[in-house]
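Spelled out, the chains give:
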Amino acid sequence: MGALPNIVLVHGAWADGSSWSAVIERLQADGYNVTAPQLPMTTLADDVARLRQVLALQNGPTIVAGHSYGGQIITALGTDATNVVGLVYIAAFGLDEGESIGALLGQGPPSPALAHLIIDKQGFAWLPEDDFVNHFAADVDPVKAKVMYAVQQPLSATALQEDMGVPAWKSLPSWYMVADGDQAIPPDAERLFAKRMGATTVEVPTNHVAMVSHPDDVVKLIETAAAAPVAS
């Protein structure tokens, strides 16, 4: 058996790298080199640049997993991700060329987790505590969910309007976890993302932050991607 691929974990909006903690512990115990960078959340270009910075430090093939808006970031790697051998989407946006998160979410009523975004004077969007605890992290222990709320990383609202270029999933194998109780991204949208990218797909009875509430399922999917022939 060859060396294990590296794993890079990309957090989404209103979270940070620590949201992957339970997943990191399990992957490290299984022998993987794992990196979960903190992303600026200022513009999509800034976030992709930080991801590329981390990818440049990886020695060898790398699996990249993204949660929520993190899916936008990994998708935006486009055709220029030389050491990336697979993409894993965890309840994440998997946009196609010319699409934006804002336009997609605007097709229906606001999801419960995103219904009352607070936009500050610098143009960053925050989640209020009630929506965060009861909808964004609905199946997380409330005490833990409040800690996650306290460390939330706001997202520049302009990032929601940025159009996707050529998506990385068109040239890389993909895996997708649909969170069937998601109150941030509609589960049907997740199923659409997974279907059109031809992803190997699993559905888990979880809310939006599956890597916190269902880390074993997330690790299983990431390790499935890591074991695929292209990653060896």
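Structure's up top.
Worth saying up front: this structure is predicted, and the values here are computed from it rather than measured.

**Looking at the pairing of strand β4 (residues 84-90)**
Turning to step 1, where the next piece is worked out: Counting buried residues along β4, seven of its seven residues qualify, which places the element largely inside the surrounding structure.
Turning to step 2, where the next piece is worked out: Bridge count between strand β3 (residues 62-67) and β4: six bridges; the pairing is parallel. Residue pairing across strands places V64 opposite L87, the latter belonging to β4.
Turning to step 3, where the next piece is worked out: Across four bridges, β4 lies against strand β8 (residues 174-179) in parallel orientation. Within β8, the position partnered with I90 by the bridge is M177.

**Some words on the packing of helix α5 (residues 129-136) against helix α6 (residues 142-150)**
Turning to step 1, where the next piece is worked out: Packing of α5 against α6 leaves a shortest axis separation of 9 Å and a crossing angle of 130°. On the basis of their axis angle, the class for α5 and α6 is oblique. Two packed elements cross with a definite hand, and for α5 against α6 that hand is right-handed. Here E129, F132 and V133 of α5 lie close against α6, whose contacting residues are A145, K146, M148 and Y149.
Turning to step 2, where the next piece is worked out: Grouping the constituent residues of the contact of α5 with α6 by class yields five nonpolar, no polar and two charged.

**A word on the packing of helix α1 (residues 21-29) against helix α9 (residues 215-226)**
Turning to step 1, where the next piece is worked out: Between α1 and α9, whose axes approach to 9 Å, the crossing angle comes to 50°. Considering the angle they form, α1 stands oblique to α9. Pair α1 / α9 crosses with right-handed handedness. Touching A22, V23, R26 and L27 of α1 are P215, D216, V218, V219, I222 and E223, all from α9.
Turning to step 2, where the next piece is worked out: Here the residues of the contact of α1 with α9 are counted per class, giving seven nonpolar, no polar and three charged.

**Looking at the sheet that holds strand β9 (residues 200-204)**
Turning to step 1, where the next piece is worked out: Across the sheet, which stays open at both edges, the six strands sit in the order β2-β1-β3-β4-β8-β9 with parallel pairing between neighbours. The open sheet has two free edges, formed respectively by β2 (34-35) and β9, since each of these has just one partner strand.
Turning to step 2, where the next piece is worked out: Looking at chain direction, strand β1 (residues 6-10) and β2 are connected through two bridges and run parallel. Its bridge partner being in β2, V8 is matched across the sheet by T35.
Turning to step 3, where the next piece is worked out: Packed onto the sheet, α1 meets β1 and β2 and runs at close to 180° relative to β1.
Turning to step 4, where the next piece is worked out: Across the sheet, helix α7 (residues 187-196) lies against β8 and β9, angled at about 165° from β8, the strand it touches most.

Parameters at a glance
Residues numbered from 1 in each chain as written. Predicted model: local features only at pLDDT ≥ 70, side-chain atom pairs only at ≥ 80, totals over all residues. Heavy atoms only, no water. Buried < 20%, exposed > 50% of the residue type's maximum accessible area, 1.4 Å probe, protein only. Helix = DSSP H or I, 4+ residues; strand = E, 2+ residues; numbered from the N terminus. Pairing = 2+ DSSP bridges. Axes fitted to C-alpha atoms, helices over the stretch in contact; angles between N-to-C directions. Parallel < 35°, antiparallel > 145°, perpendicular 65-115°, else oblique. Left-handed = near helix turned anticlockwise from the far one by under 90°. Contact = heavy atoms within 4.5 Å. Nonpolar A, V, L, I, M, F, W, Y, C, P; charged D, E, K, R; others polar.

So far we have only geometry, and geometry alone does not tell us how the molecule works.
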